[in-house]
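A structural walkthrough
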Amino acid sequence: MSSPHNAPYYFVPGPSRWPMAGGLSMLVTMAGAAGWVNGASWGPGVCVAGILAMLVVLYFWFGDAIGESESGQYSARIDTSYRWSMSWFIFSEVMFFGAFFGALFYARAVTMPWLSDLDHKVIWPDFAGHWGNVGPAGTVESFNTMGPFPIPTINTALLLTSGVTLTIAHHALRAGHRSKTAFWLFATILLGAIFMGFQAYEYHHAYTELNLKLTSGIYGSTFFMLTGFHGFHVTMGAIMLSVVLYRVMKGHFTADHHFGFEGAAWYWHFVDVVWLGLYVVVYWL
């Protein structure tokens, strides 16, 4: 008799309330966000309520999926389906960051040289077509740019090290060493948390000492959008790895079947690669 993982069938889950509940929670979240940005007094409360509702939905929805997996209902076809799904999700994230990298490239390599070739009187007197701290015609306060030392370089070392610790954890899981897996997985999460702490300090330094803000022209907007969204992805990755760590400690996963671990690892390595691009393009160039 073949094991459930090698069975030829494709598991089809029964009716679920969670897709509808997730859609409604997102609707509430966006309605609250719209009210918030338009100054409605009810906006913040409704937005937070929607986010909390979505977290509850995800907790129970993912719990159902974990339960189905641990009860042996998933076959190899489900494993393949999850792998393709995670691959396409990461591809969508590549396109997401590609749009912001494209905006940065267009502003620096296309728009700035083109504006520099125009008669400066068309734009404003004393226009300087360079990427730096000069605000447009006095409409933006002067600011200092963010260099690669020391925090961005420290954060680069942290994320590269976290990729190594996560790989060690993966090899330990494949070898059946659960305690070693948990230790190195915790080390990975800790490194990610330290990264976020340094980024929070960097943002405080930018606002209070460099006068670099989201409103500081195209430099400020691209800097905070790229680094901010990356920080959000690091946070999401750390949460995913924390769930995986909990499952490892609960005895989930085997040496041969552990895509829940692998999917989170793929995402974390993707976040590492994106940071390397940010470190070079945003902080050095």
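That block above? That's the structure.
Remember, it's a predicted structure, so these values are computed and weren't measured experimentally.

Scoring rules and cut-offs
Residues numbered from 1 in each chain as written. Predicted model: local features only at pLDDT ≥ 70, side-chain atom pairs only at ≥ 80, totals over all residues. Heavy atoms only, no water. Helix = DSSP H or I, 4+ residues; strand = E, 2+ residues; numbered from the N terminus. Polar contact = N/O pair within 3.5 Å; in protein donor to acceptor, adjacent residues only side chain to side chain. Contact = heavy atoms within 4.5 Å. Buried < 20%, exposed > 50% of the residue type's maximum accessible area, 1.4 Å probe, protein only. Phe/Tyr/Trp six-rings, centres within 6.5 Å; stacked < 30°, edge-to-face > 60°. Lys NZ or Arg CZ within 6 Å of the ring centre and 35° of its normal.

**Describing the side chain of Thr222**
For Thr222, the location among the structural elements is in helix H7 (residues 217-249). A polar side-chain atom of Thr222 sits 3.2 Å from the main-chain carbonyl oxygen of Tyr219. Those residues in contact with Thr222, other than ones at most four positions away along the chain, are Leu104 and Trp131.

**Side note on the side chain of Ser25**
Among the structural elements, Ser25 can be located in helix H1 (residues 18-37). When its relative accessible area of 5% is taken as the criterion, Ser25 is described as buried. When residues no more than four places from it in sequence are discounted, the contact partners of Ser25 are Gly50, Ala53 and Met54.

**Details of the packing of aromatic side chains**
This structure, assessed with the given rule, holds 24 aromatic pairs. Aromatic side chains Tyr74 and Tyr82 sit 5.7 Å apart centroid to centroid with 55° between the ring planes, which places their arrangement in the tilted category. What makes Tyr74 buried here is its relative accessible area of 13%. Assessed through its relative accessible area of 36%, Tyr82 is described here as partly exposed. Their ring planes at 85° and their centres at 5.4 Å tell us that Phe149 and Trp284 sit as a pair that is edge-to-face. One end of the pair, Phe149, is in the loop between helix H4 (120-123) and helix H5 (151-174); the other, Trp284, is in helix H8 (residues 259-284), with 135 residues separating them in the sequence. Using a relative accessible area of 56% as the deciding quantity, one classes Phe149 as exposed. The structure contains a cluster of three or more aromatic residues connected by ring pairs, namely Phe143, Phe195, Tyr203, Tyr207, Tyr219, Phe223, Phe224, Trp275 and Tyr283. Here the guanidinium or amino end of Arg17 rests over the ring plane of Trp18, the centre of that ring lying 5.2 Å away.

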